[in-house]
Amino acid sequence: MKVRINRWYNTILTALLSLLGYGCSSENSVEMYGVMMYGVPSAEYKISGTVTDEGGKAVEGIKTSVKQISTYEDKTHAFSIDSVMTNTAGHYDVTVNVFPLNQEIKLLVEDVDGDANGAYQNDTIDIDYNNAQKIKEGDGTWNNGTFTIKQDIKLKKK
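Just so you know, these numbers come straight off a predicted model, no measurement behind them.

## Let's talk about the pattern of salt bridges
Two side chains of opposite charge can pair, provided their charged atoms sit close to one another.
Logical step 1: Across all of its chains, the model carries four salt bridges by this definition.
Logical step 2: The closest approach of N and O atoms between Lys134 and Glu137, which form a salt bridge, is 3.4 Å.
Logical step 3: A salt bridge links Lys150 to Asp152; the nearest nitrogen and oxygen atoms lie 3.3 Å apart.
Logical step 4: Taking relative accessible area as the criterion, Asp152 reaches 46% and is therefore assigned partly exposed.
Logical step 5: Salt bridges sharing partners connect three or more residues here, namely Glu104, Lys106 and Asp126.

## Topic: the nonpolar core
Logical step 1: If you look at the biggest cluster of nonpolar residues, it comprises 23 residues, and the most contacted ones within it are Tyr45, Ile47, Val96, Ile105, Leu107 and Ile153.
Logical step 2: Of all the secondary structure elements, the ones that give two or more residues to this core are strand S1 (42-53), strand S2 (62-72), strand S4 (91-98), strand S5 (103-111), strand S6 (123-127), strand S8 (143-150) and strand S9 (153-155).
Logical step 3: Apart from the residues within four sequence positions on either side, Ile105 is in contact with Ile47, Val66, Lys67, Val96, Val98, Ile125, Asp126, Ile127 and Tyr129.

Each value, and the rule that gives it
- Residues numbered from 1 in each chain as written.
- Predicted model: local features only at pLDDT ≥ 70, side-chain atom pairs only at ≥ 80, totals over all residues.
- Heavy atoms only, no water.
- Salt bridge = Lys/Arg side-chain N within 4 Å of Asp/Glu carboxyl O.
- Buried < 20%, exposed > 50% of the residue type's maximum accessible area, 1.4 Å probe, protein only.
- Core = buried A, V, L, I, M, F, W, Y, C linked by side-chain atoms within 4.5 Å.
- Helix = DSSP H or I, 4+ residues; strand = E, 2+ residues; numbered from the N terminus.
- Contact = heavy atoms within 4.5 Å.

Here's what the structure looks like:
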């Protein structure tokens, strides 16, 4: 007898809870507030350029790393995004997908091959979002589009 009462009670409770879920939604809320979406606004940045020495000669084998710097609760956090090596023409090309507001992108340039292509001093360059050129529109929601930034770098010898 007790089992029958529990089953009957669970059936009624399940039916009431399912109705409650449907009763809390409304078509008016979509018209009033728009469609709510999960995610973070972001944009794709293609950062490229040429690494040369002070004389203008292309430097091969230089590591270029992209770091994202953000400040949260008065603490600075650095996140490594990607890194590439320069080719024989000294060219590098990095593509990153970031949320640019309230954050900085820094390009770290390091001579990791030692004296193989000459010894150069490491450098850190701030990437300026204001110099970015939009090359592709976003989808109108969280994707702000694709931008390109050209950043040539001159390294000093050690």
